[in-house]
Amino acid sequence: MEDHFRIDSHKLIFHVERVNDWLKGKQISPIYLEIAPSGGCNHRCVFCAVDYLKYKGVLLDTDVLKRTVKEAGALGVKSIMFAGEGEPLLHKGICEIIRYTKRRGIDVAVTTNGVLLKKEVSRKILKYLSWIRISLNAGTAGTYCKIHRTKKEDFYKVMENLREAVKIKKSGKLKTTIGVQLLLIPGNVKEVVTLARILKKTGVDYLAVKPYSQHPLSGSRINPGFDYRDHISMYKKLRGLEDGRFKIAFRDDTMKRLGSEKEYGRCLGLPFWAYIDANGEVYACSAFLGKKEYSFGNIYKNNFKDIIKSKRRRLVMAGISSKMDVEKCRRACRLDKINSYLWELSNPGPHVNFI
């Protein structure tokens, strides 16, 4: 499919002014924030990247979070995704938080396992969301419970919640994109097409299929002998299910890049995003969650503007960029394509004026 949502690409090309400020050496504000309202989770997925954080049931204070959202909007943050190291819908104030974020002029999205996305929740939040993405990593209840390490009943709950969300979207004529993401691993490789067929009937907008990459601090391990190049042909079967309403975002470009050297020598994309964990710590990179030496500050102690404008933020990002060996970073890092783009901008080849 044409990557309409640029899921396997990047979107910095649409933020020329911010990129230009970065090229000039200015300390820019993030375009995008990822925020974890909850540190706890109702699943224990076999591939979980943040299992080392132990799923602590801490919740961000609603008033502190709303204050931070307001400050973020004033700084020029354009979008916030509520996801993070836990399940965001476990936060009892999440509906209010989502509504408040949108009313502050910030685009909002949610990534969830979908079990708690009940009809009444969808009615409250869908109209405020640009998109919602459900992590659903199997095509049958039996495989689902093994991969998500939960009850089989959760598979059926998610499917019902998706059907209700689609009905609410259609009845309200909402523009919200409802998507599903599957992390392709040996345990579900035979059920991808099955899941795609189910989802097409359900009425969701797309299925995204992405590769696994090892988080440096995670205790979870997926078979290292699993070669994604052996499964890229799966896309041909999936493409046959596409139509004007249902799309497949098969991240084959990222799969091909897993075994190749990176085009960039340093991580350059950190200034364009930030991560706030459930304890209120603001990080440059989600690979360092829990390691406070990589935190810019805490929103319980300082306002977000001061944290983003701080000398510490500049020093932490400079330290990561200069000392971190990018070849040892997570192979499918979300900043990978951004880093390639920024590296080329910063290190142009010859004859660039001959367009």
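Everything numeric here is computed off the predicted structure, so don't read it as measured data. (Residues numbered from 1 in each chain as written. Predicted model: local features only at pLDDT ≥ 70, side-chain atom pairs only at ≥ 80, totals over all residues. Heavy atoms only, no water.)

S.K.: Tell me what's going on with the side chain of Ser-220, and back it up with residues and numbers.
M.R.: On the secondary structure map, Ser-220 appears in the loop between β6 (206–211) and α8 (234–239). At 2.9 Å, the side chain of Ser-220 forms a polar contact with the backbone oxygen of Cys-48. Excluding its chain neighbours within four sequence positions, the residues that come into contact with Ser-220 are Val-46, Phe-47, Cys-48, Asp-51, Tyr-212 and Gln-214. (Helix = DSSP H or I, 4+ residues; strand = E, 2+ residues; numbered from the N terminus. Polar contact = N/O pair within 3.5 Å; in protein donor to acceptor, adjacent residues only side chain to side chain. Contact = heavy atoms within 4.5 Å.)

S.K.: Help me get a handle on the sheet that holds strand β7 (residues 247–250), residues and values and all.
M.R.: Strand order in the open sheet formed by ten strands is β7-β6-β5-β4-β3-β2-β1-β8-β9-β10, with mixed pairing between adjacent strands. The strands lining the two open edges of the sheet, one partner per strand, are β7 and β10 (295–298). Averaged over all neighbouring strand pairs, the angle between strand axes comes to 20°, with direction disregarded. Pairing between strand β5 (residues 177–184) and β6: six bridges, direction parallel. Note that in β6 the partner of Leu-184 across the bridge is Pro-211. Lying over the sheet, helix α6 (residues 153–172) contacts β4 (131–135) and β5, oriented at roughly 150° with respect to β5. (Pairing = 2+ DSSP bridges. Axes fitted to C-alpha atoms, helices over the stretch in contact; angles between N-to-C directions.)

S.K.: Before we move on, could you go through the side chain of Lys-262 and cite the residues and values that matter?
M.R.: For Lys-262, the location among the structural elements is in the loop between α9 (252–257) and β8 (273–276). For the buried Lys-262, no salt bridge is present, and the opposite-charge side chain at shortest range is Asp-336, 5.0 Å distant. Within the structure, the side chain of Lys-262 is placed 2.9 Å from the backbone oxygen of Val-326, a separation counted as a polar contact. With sequence-adjacent residues up to four places away left out, Lys-262 is seen in contact with Val-326, Glu-327, Cys-329, Arg-330, Arg-331 and Asp-336. (Buried < 20%, exposed > 50% of the residue type's maximum accessible area, 1.4 Å probe, protein only. Lys, Arg positive; Asp, Glu negative; His and termini not counted. Salt bridge = Lys/Arg side-chain N within 4 Å of Asp/Glu carboxyl O.)

S.K.: Tell me about the state of the cysteines, and name the residues and values.
M.R.: Should the sulfur atoms of two cysteines be covalently bonded, the bond is a disulfide. The final tally for this structure, using the stated rule, is zero disulfides. In this model Cys-95 remains outside any disulfide bridge; the closest cysteine sulfur is found in Cys-41, 17 Å from its own. Judged by its relative accessible area of 14%, Cys-95 falls in the buried class. With no disulfide of its own, Cys-285 lies closest to Cys-333 among cysteine sulfurs, the gap being 5.9 Å. (Disulfide = S-S within 2.5 Å.)

S.K.: How would you sum up helix α11 (residues 311–323)? Please name residues and give values.
M.R.: Working note: α-helix, 3.6 residues per turn, so residues spaced by three or four point in the same direction. Compared with an ideal rise of 1.5 Å per residue, which puts 13 residues at 18 Å, α11 spans 18 Å between its outermost C-alpha atoms and is within 8% of the ideal. Within α11 the residues assigned to the buried category are Arg-313, Val-316, Met-317, Ile-320 and Ser-321. Axial view of α11: buried residues confined to an arc of 125°, hence all on one face. Exposed residues lying more than 90 degrees from the buried face of α11 are Lys-311, Leu-315, Ser-322 and Lys-323. Looking at the packing, one finds that the buried side of α11 touches β10 and α10 (304–308). (Expected span 1.5 Å × (residues − 1). Arc of directions from axis to C-beta.)

S.K.: Any details on the pairing of β8? Residues and values, ideally.
M.R.: Side-chain alternation along β8 places Trp-273 and Tyr-275 on one buried face and Ala-274 and Ile-276 on a second face that is also buried. Bridge analysis of strand β1 (residues 32–35) against β8 gives four bridges, and the strand direction is parallel. Across the sheet, Leu-33 pairs through a bridge with Ala-274, a residue of β8. Two elements, β8 and strand β9 (residues 281–283), share two bridges in a ladder whose sense is antiparallel. Residue pairing for β9: Tyr-275 is matched across the bridge by Tyr-283. If you look at the hairpin formed by β8 and β9, you'll find four residues sitting between the two strands, and Gly-280 has a positive phi there, around 90°.

S.K.: Account for the environment of Asp-252, naming residues and giving values.
M.R.: Relative to the helices and strands, Asp-252 resides in helix α9. Each C-alpha atom, one on Asp-252 and one on Lys-292, is 35 Å from the other, the two residues being 40 residues apart in sequence. When neighbours within four sequence positions are excluded, Asp-252 is seen to be in contact with Asp-8 and Ile-232.

S.K.: Lay out the environment of Asp-154 in plain terms, naming residues and giving numbers.
M.R.: For Asp-154, the position within the fold is in helix α6. The class of Asp-154 is buried, set by a relative accessible area of 3%. Ignoring any residue separated from it by four or fewer positions in sequence, one finds Asp-154 in contact with His-43, Val-115 and Tyr-144.

S.K.: Describe helix α2 (residues 62–75), and please don't skip the residues or the numbers.
M.R.: If you check α2, its first and last C-alpha atoms are 20 Å apart, about what 14 residues at 1.5 Å a residue would give, namely 20 Å. In this fold, the buried residues of α2 make contact with β1, β2 (79–82), α3 (94–103), β8 and α10. The N-capping residue of α2, defined by a side-chain oxygen 3.1 Å from the backbone nitrogen of Asp-63, is Asp-61. Gly-76 lies just past α2 and shows a positive phi near 105°.

S.K.: Help me get a handle on the environment of Glu-153, residues and values and all.
M.R.: Here Glu-153 shows up in helix α6. Taking the C-alpha atoms as reference points, Glu-153 and Ala-141, twelve residues apart in sequence, are found 7.5 Å from one another.

S.K.: Would you mind going over the nonpolar core in detail, with residue names and values included?
M.R.: Soluble globular proteins tend to bury their nonpolar side chains together. The biggest cluster of nonpolar side chains holds 112 residues, and the ones touching the most others in it are Phe-82, Leu-136, Leu-162, Leu-184, Leu-207, Leu-238 and Phe-304. Sort the elements by how many residues they give to this core and α6 lands first, with seven residues. Residues in contact with Leu-184, not counting those within four places in the same chain, are Val-189, Val-192, Val-209, Lys-210, Tyr-212, Phe-226, Tyr-228, His-231, Met-234 and Met-255. (Core = buried A, V, L, I, M, F, W, Y, C linked by side-chain atoms within 4.5 Å.)

S.K.: How would you sum up the packing of aromatic side chains? Please name residues and give values.
M.R.: What describes a pair of aromatic rings is the distance from one ring centre to the other and the angle between the planes of the rings. Summed over all chains, the structure comprises seven aromatic pairs. Between Phe-5 and Tyr-206 the ring centres are 5.6 Å apart and the planes differ by 40°, which places this aromatic pair in the tilted class. Here Phe-5 is found in the segment before α1 (16–23), whereas its partner Tyr-206 is found in strand β6, with 201 residues between them in sequence. Here Phe-5 falls in the partly exposed class, since its relative accessible area comes to 31%. (Phe/Tyr/Trp six-rings, centres within 6.5 Å; stacked < 30°, edge-to-face > 60°.)

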